[in-house]
Amino acid sequence: FYFTYLGEPCVKLFLASMALVFFAKAFGGAYMKSSITQIERRFDIPSSLIGVIDGSFEMGNLLVIAFVSYFGAKLHRPRLIAIGCVIMATGSYLIALPHFLQGPYKYETSVSHSISVNSSESALPCHSNHSLSEDETPDVETRTACEKAAGSSLWIYVFLGNMLRGIGETPIMPLGVSYLDDFSREENTPFYLACIHTVGILGPMFGFMLGSYLAKIYVDIGSVDLDGVTINYKDSRWVGAWWLGFIVTGTIIMLSSIPFWFLPKSLPKQGEEESQSKSTELATVAEQGNFLPEENQDHEEKEKPVTFQELAKDFVPSLRRLFKNTIFTLMILTYLVSVNGFIGMITFKPKFLEQVYGQSASKQTLLSQCNMGCSCSMKHWDPVCAYNGMTYASPCLAGCQTSTGTGREMVFHNCTCVGEMKSPAMNMSAVLGQCPRKTDCDRIFKIYMALSVTGSFISACGGTPGYIVMLRSIQPDLKALALGMQTLIVRTLGGIPPPIYFGALIDRTCLKWGTKQCGGRGACRLYDANAFRKTELLSLAYSRYS
């Protein structure tokens, strides 16, 4: 057999390929998490629905994980991993597709930002909304036609694309780890797994860096005049070029599939010839004997061709054997508890950092004496920052009487609501956008990140030992099935529900909801930072200390 002489190089090639694909899938997964806020704003949907979209990855995974783990172990594992990578890449491209099907992004605003007028006192913010009739809900026919034109239901493509990503990711972990463990030395497996996870850890770092970079690039770059865009990336209505990142991540995942197409179905055990030495066999049996029950020690038999019907017939008995293993069951419960809180935390972490550490105190001024004669709309969100350091929901609600300048340089004057908090001699002007965060936020943010890194390091220390204990505590023919069932259970109960119920909890902390282009409630524009913090800390405590 040709690959007998290439056993060692092929194992190392497989190791390098696994490290690359772990990086690629972590890169894509982290970018998806970092784009959650941009997707929420682009499609004007609440956090609870974003939780469903995020959970679609686990939904796709659980659809096929049990069958891939069991039947895949009997088939050509490297090629199944390659097929999975192609499916993941296709899912990433599908997520980006709505950008090309939708029209230009239109953010809500209550002020006319005409760039044809020079800096003269022309706009009258206090009267720009004209009447309260704008708050009336459009009739059903008008709203349906508007939603169809706006493409508001195109988030379904994101849902389906993320589900495809979950389906494609399925064979990587169970088939890749079992393949590596089968054909490498027992003493080398922990080191190889550590190498794979070390490279994989770089994926989230680059994924969040890419997400941060693209979040500052306007969503319709290249197709609209950016001089006419009056908001910047710090505004809660801003949508970055989220779609571009999925094209990048999909391409990287596609490239990572190439080496797996050329790897063989099986290899000789690393460091051994076809006739293995008796001592090595005894050492392997001794190591397995530390974990396996005595009645299962003689389970191995010579490989022989089996039909699909025989494999299917043995599926349920294999599951029964697997779940009778006490060590495996306890480890599943441990993973389930920790992942439940971790997924909820990591899904909305970018939003948490933005809302808690990136915004100033805000005032959603209602109709009061200072703006009584302005006939302001209560639905519009066009924030202005007053010189008193307070953010107001719109120039009208701030009671601003006049404005100068155009576009992003527009300044509002004689804001009567600002004057309520300051002496008459003080500046009563306001500028577009929300006020910058407080100076002590930088210091608190550094403390938060230091604690997060420490907690992540402590959690990661148990990753490789956990896999080794699991691999050594189960029968060799059940390794792929065990890893697959672990992924299935943990992602079903620990991956799908948390984004949904944490998203619903976060929605309850919203102070100001946006308005869709066609009417109705859109994405949240402003959260109660203290309530948001308590929700996030709940998930953090649950994941780290449970």
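Not measured: the values here are computed from a predicted model.

Enquirer: Residues and numbers for the state of the cysteines, please.
Expert: Going through the model one piece at a time under the given rule, you end up with three disulfides. Between the sulfur of Cys385 and that of Cys435 lies a disulfide, 2.0 Å long from S to S. Judged by the torsion about the S-S bond (110 degrees), the Cys385/Cys435 disulfide is right-handed. Residue Cys385 is found in strand S2 (residues 384-386), and its partner Cys435 is found in the loop between strand S6 (430-432) and helix H16 (441-460); the two are separated by 50 residues along the sequence. Comparing Cys385 with Cys435 shows no difference in burial state: the two are buried. Here Cys510 is linked by a disulfide to Cys524, with a sulfur-sulfur distance of 2.1 Å. Taking the torsion about the sulfur-sulfur bond, which here is approximately 100 degrees, the covalent link between Cys510 and Cys524 counts as right-handed. Remark: Cys524 occurs in strand S8 (residues 521-527) and Cys510 occurs in strand S7 (residues 510-515); sequence separation between them is 14 residues. A relative accessible area of 13% places Cys510 in the buried class. The exposure class of Cys524 is buried, given its relative accessible area of 5%.

Enquirer: I'd like a description of the packing of aromatic side chains, backed by residues and values.
Expert: Applying the stated criterion across every chain, the model contains 14 aromatic pairs. Taken together, a centroid distance of 5.6 Å and an interplanar angle of 70 degrees make the contact between Phe323 and Phe328 edge-to-face. With relative accessibility at 0%, the residue Phe328 sits in the buried group. Through a chain of ring-to-ring contacts, the aromatic side chains of Tyr31, Phe43, Trp242 and Phe246 assemble into a single cluster.

Enquirer: Give me the UniProt feature "transmembrane region" (unreviewed entry) in the protein chain: which residues, what numbers.
Expert: In this structure's numbering, the residues bearing the UniProt feature "transmembrane region" (unreviewed entry) are residues 12-32, 52-73, 80-101, 191-219, 240-262, 327-348, 447-468 and 488-506. End C-alpha to end C-alpha, residues 327-348 measures 33 Å, and it is 95% helix and 0% strand. Helix makes up 91% of residues 447-468 and strand 0%, with an end-to-end C-alpha separation of 34 Å.

Enquirer: Before we move on, could you go through the pattern of salt bridges and cite the residues and values that matter?
Expert: Summed over all chains, the structure comprises five salt bridges. Salt-bridge contacts for Asp235 lead to Arg237; the nearest nitrogen and oxygen are separated by 2.9 Å. Across the pair, Arg237 and Asp235 agree in class, each one buried. With a closest N to O distance of 2.6 Å, Arg237 and Asp382 form a salt bridge. In this pair, Arg237 is assigned in the loop between helix H8 (189-214) and helix H9 (242-256) and Asp382 in the loop between strand S1 (362-363) and S2, connecting sequence segments 145 residues apart. Each of the two residues, Arg237 as well as Asp382, counts as buried. Among the ionic contacts, a cluster of salt bridges with common partners joins Asp235, Arg237 and Asp382.

Calculation notes
- Residues numbered from 1 in each chain as written.
- Predicted model: local features only at pLDDT ≥ 70, side-chain atom pairs only at ≥ 80, totals over all residues.
- Heavy atoms only, no water.
- Disulfide = S-S within 2.5 Å.
- Helix = DSSP H or I, 4+ residues; strand = E, 2+ residues; numbered from the N terminus.
- Buried < 20%, exposed > 50% of the residue type's maximum accessible area, 1.4 Å probe, protein only.
- Phe/Tyr/Trp six-rings, centres within 6.5 Å; stacked < 30°, edge-to-face > 60°.
- UniProt positions renumbered as here; feature names shortened; annotations may be inferred.
- Salt bridge = Lys/Arg side-chain N within 4 Å of Asp/Glu carboxyl O.

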